[in-house]
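Structural characterization, general
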Amino acid sequence: KAALDYKSGQFTNKAEVKTNCVRIRYQDGYHVDFAVYRRYRKDGETNYTYEHAGTTWSYRDPAAITDWFLKEIKDKGTDLRKVIRLSKMFCKSRDTWVNLPGGLIQSVVIDECFNEAGRIDEIFYNTMVAVHEMSIGLFSAAAALGAMGLMFALGLLLCALVCRLLRRKQLA
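Residues numbered from 1 in each chain as written. Predicted model: local features only at pLDDT ≥ 70, side-chain atom pairs only at ≥ 80, totals over all residues. Heavy atoms only, no water.

With that settled, consider the pairing of strand β4 (residues 37-41). The pairing of β4 with strand β5 (residues 48-52) spans 5 bridges and is antiparallel. Note on β5: the bridge partner recorded for Y40 is T49. Here β4 folds back onto β5, and the loop between the two strands holds 6 residues, one of which, G44, carries a positive phi near 80°. (Pairing = 2+ DSSP bridges. Helix = DSSP H or I, 4+ residues; strand = E, 2+ residues; numbered from the N terminus.)

Turning our eyes to something else, we now look at the sheet that holds β5. Read from one edge to the other, the open sheet built from 3 strands follows the order β4-β5-β6, with strand pairing classed as antiparallel. Since the sheet does not close on itself, it has two edges, and those belong to β4 and β6 (58-60), each with one partner. Mean inter-strand twist for the sheet, computed between neighbouring axes without regard to direction, equals 40°. Inspection of the sheet shows β5 paired to β6 by 3 bridges, in the antiparallel sense. (Axes fitted to C-alpha atoms, helices over the stretch in contact; angles between N-to-C directions.)

Structure (structure tokens):
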């Protein structure tokens, strides 16, 4: 943190160390999260292994995530990127809206539910309707589980999306 504070002296606010990132807040209320990784080479290997900070270090492949996202933009067009940005903007538009999904989860869900319809407002609306319909099915099934139903539904949603991504990768 000290190194980042030293290098980021032009910012109004000091860097904020979080569990899995370092956050820089801008004066206008925006922020950027810098993911914290460590890398190392296993004995005899030339490529690095990357791990992401959290309560424990976990394996990540940040280049694969970037490659996936760029391929989706290439396949579906730049409106996908616009819809993801709009979703993130709306999720942060109210101070009372807390604990909403992070950027990567939003990107994966929107990619899965992306629904082109013409103008960007129609595309955004139809995509959000598709996200809503997907979540209704999951949340309805989870309602019978009581208090843990919501967490279960979110976990199921994430698992389903990861499985779909893996299946796409195998088919590609």
